[in-house]
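# Observations on the three-dimensional arrangement
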Amino acid sequence: MFVVRLLPLAALRNAAAWACDSPPARSQKPLGIPSAESVEALFEKANAGFATFASIPSVNCFTDGSEDRFDIAILGAPFDTGTTGRPGARFGPRGIRAASWRLNLDAWSVYTGRNPLRSWAKVVDCGDAPLTWLDNTVALATLEEAHLRVSGHSGTPDAKSSVPRIITLGGDHTTTLSALRAAFKRWGEISVVHFDAHIDTWNPKVLGKISDYAGVNHGTFLHIAHEEGLIANNSIHAGIRAPVARPKGDMENDRRCGFTVITARDLDRIGVSGVVQAIKDRVGDSLVYISVDIDVLDPAYAPATGTAEPGGWTTREFLTILDALAGLKVVGADVVEVAPAYDNPGETTVLAATEVVQSLLDLMVQVPVEPPVTAEPSLVTLGCGQKKERLLYEAHA
Ligand SMILES: [Mn+2]
């Protein structure tokens, strides 16, 4: 009994001595104490403090900060009061940013060997535009102004392209109207490559006919963009499968708005390469805006969206198509209709959306684009003879 009591006390005394004085000699380095260099390296890599897209730097792009130069900007558009289906896309930007945490500056594509966040282009996150949810017309005008402020910055001094280009995180699809209005002022008329389950060229007299205010919504914005003369007559939809509201009228109006259609099931018939070729043939050498409604994916791959339609493409099929569009002159792009509240615990939809953003970034990095210089830069003559204002962009030295 005596021995049993004394031995533990002696052991405790020895342990206390090691902790306070010198540790016992060991052949290996103590675990849990990293080198100062390894900690320092993490700070050089990225700012992980705020949830920016892929931890890229955040910039207040809405002030006149002419010293803040960048080449591609991520811009959030938290707006969902133009939706006819399930609301919730106002949380799309923060959902996509949250899911992008696993991306970082060292994410190199296993397919291409490229990394759009390590290129000639400086990519920044501008945060969200300050949009009201109480008046759609005010919100859309605010978003257009936000786009113009962002694209009003200069590209970085050694960049291959002087006007910053924008990738918008929606927001319901109405937000694309503001992006197209602003893009027209910077770039002139542009073609739209529109990935969606729905045509979104509905005449406001067919969809939202209860008032002029209601007529501007996420199913009519491409009709309105056409009526305003913002988009060229060689635009194209891809992934279409949702029913239309009239037996013939809606598709006739769609063609009048300058669109041809690749349906979701066309992929089974012509394959990925057929879809890609059809898009490239259609837009040719035009300046292009790529709009991705996440409902182009099947609800199995993107359940978190406002108007899900069964029978869509897989995430892999769609990303293959998107990456194969390399060579297009992409001047603007978006990923819209992401409503994270309907996502599953595995974050299927928002993860897909982050990959789409990475692919859009890569398309922009591969082909730098300069705005066309016209003799009369403030006015552009449209195909219909109407004249529209376009901002004069003064390229930096
Ligand atoms: Mn849409």
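Residues numbered from 1 in each chain as written. Predicted model: local features only at pLDDT ≥ 70, side-chain atom pairs only at ≥ 80, totals over all residues.

Looking up the chain in an unreviewed UniProt entry gives the name Agmatinase, with the organism given as Remersonia thermophila. Under the UniProt heading Sequence similarities (unreviewed entry), the entry covering the chain gives this text: "Belongs to the arginase family." (UniProt positions renumbered as here; feature names shortened; annotations may be inferred.)

In this section: the overall build of the chain. Summing up its helical and strand segments, the chain has 10 helices and 10 strands in all. A buried classification covers 46% of the 397 residues belonging to the chain. Taking the contacts inside the chain whose residues are at least 6 apart along the sequence as the reference set, 77% of them involve residues at least 24 apart. (Helix = DSSP H or I, 4+ residues; strand = E, 2+ residues; numbered from the N terminus. Buried ≥ 20, exposed ≤ 12 C-beta atoms within 10 Å, placed from the backbone. Contact = placed C-beta atoms within 7 Å.)

Summarising the element assignment, I290 is placed in strand β7 (residues 287–293). Its 26 C-beta neighbours within 10 Å are what place I290 among the buried residues. In this structure, the C-alpha to C-alpha distance between I290 and F195, residues 95 residues apart in sequence, is 7.8 Å. If we skip the residues at most four places from it in the chain, I290 touches V193, V330, A333 and L360.

Let us now look at helix α8 (residues 266–283). A rise of 1.5 Å per residue sets the reference length of α8, with its 18 residues, at 26 Å; its end C-alpha atoms lie only 18 Å apart and thus fall more than 12% short of the reference. Its axis deflected by about 80° at V272, α8 carries its strongest bend there. When we look at burial in α8, the residues that qualify are L267, V275, V276, I279 and V283. Against the buried residues of α8 lie β4 (191–195), β5 (235–240), β6 (259–263), β7 and α9 (315–323). Downstream of α8 by one or two residues, G284 has phi in the positive range, about 55°. (Expected span 1.5 Å × (residues − 1). Bend = angle between axes of the 7 residues up to and from the residue.)

Quick look at the sheet that holds strand β8 (residues 329–336) now. Read from one edge to the other, the open sheet built from eight strands follows the order β2-β1-β3-β8-β7-β4-β5-β6, with strand pairing classed as parallel. Looking along the sheet, the strands with just one partner apiece sit at the ends: β2 (123–128) and β6. Taken pair by pair, the neighbouring strands of this sheet meet at an average axis angle of 15°, ignoring direction. Along the sheet, helix α4 (residues 136–151) contacts β1 (72–77), β2 and β3 (165–170); its crossing angle with β1, the most-contacted strand, is approximately 165°. (Pairing = 2+ DSSP bridges. Axes fitted to C-alpha atoms, helices over the stretch in contact; angles between N-to-C directions.)

Attention now goes to the confidence of the model for the chain. A residue-level look at the chain finds 84% of positions with pLDDT of 70 or above and a mean pLDDT of 88. Under a pLDDT of 50 for its full length, residues 1–20 has, in the predicted model, two contacts with residues more than four places off or in other chains. (pLDDT = per-residue confidence, 0-100.)

Attention now goes to unusual backbone geometry. Here the amide bond leading from G170 into G171 is cis, since omega sits at 15°, within 30 degrees of zero. Relative to the assigned elements, G171 resides in the loop between β3 and α5 (175–187). The residue E337 is not glycine, and still its phi comes out positive at about 65°.

Moving on to the pairing of β1. Burial of β1 is extensive: six of the six residues sit out of reach of the surface. Side chains of β1 alternate between two faces, with I72, I74 and G76 and A73, L75 and A77 buried alike. Summarising the sheet, β1 and β2 pair through four bridges and their orientation is parallel. Bridge pairing links G76 to D128 in β2. On the question of chirality, the crossover connecting β1 to the parallel β2 by way of helix α3 (residues 92–99) is right-handed. (Right-handed = clockwise from strand over helix to strand, strands pointing away.)

In this structure, A73, I190, V288, V335 and A353 are the most contacted members of the largest nonpolar core, which totals 95 residues. Per-element accounting of this core gives the leading share, 10 residues, to helix α10 (residues 348–366). Leave out the neighbours within four places in its chain, and A73 touches C61, V124, C126, V150, P164 and I166. (Core = buried A, V, L, I, M, F, W, Y, C linked by C-beta atoms within 7 Å.)

Among the six residues that make up β3, six are buried, leaving the element largely enclosed by the rest of the structure. Because side chains alternate across β3, one face comprises the buried residues R165, I167 and L169, and the other comprises I166, T168 and G170, equally buried. Summarising the sheet, β1 and β3 pair through six bridges and their orientation is parallel. Following the sheet pairing, G76 is matched in β3 by L169. Two strands pair when backbone bridges link them, and β3 and β8 are joined in this way by four bridges, in the parallel orientation. Along β8, the bridge assignment pairs T168 with D334.

Let us look at the packing of α8 against α9. What describes two packed helices is the angle between their axes and the distance between those same axes. The contact between α8 and α9 brings their axes to 8 Å, and the two run at 35°. Between α8, through L267, V272, V275 and V276, and α9, the contact on the second element is made entirely by E317, T320 and I321. Of the residues in the contact of α8 with α9, the class split is five nonpolar, one polar and one charged. (Nonpolar A, V, L, I, M, F, W, Y, C, P; charged D, E, K, R; others polar.)

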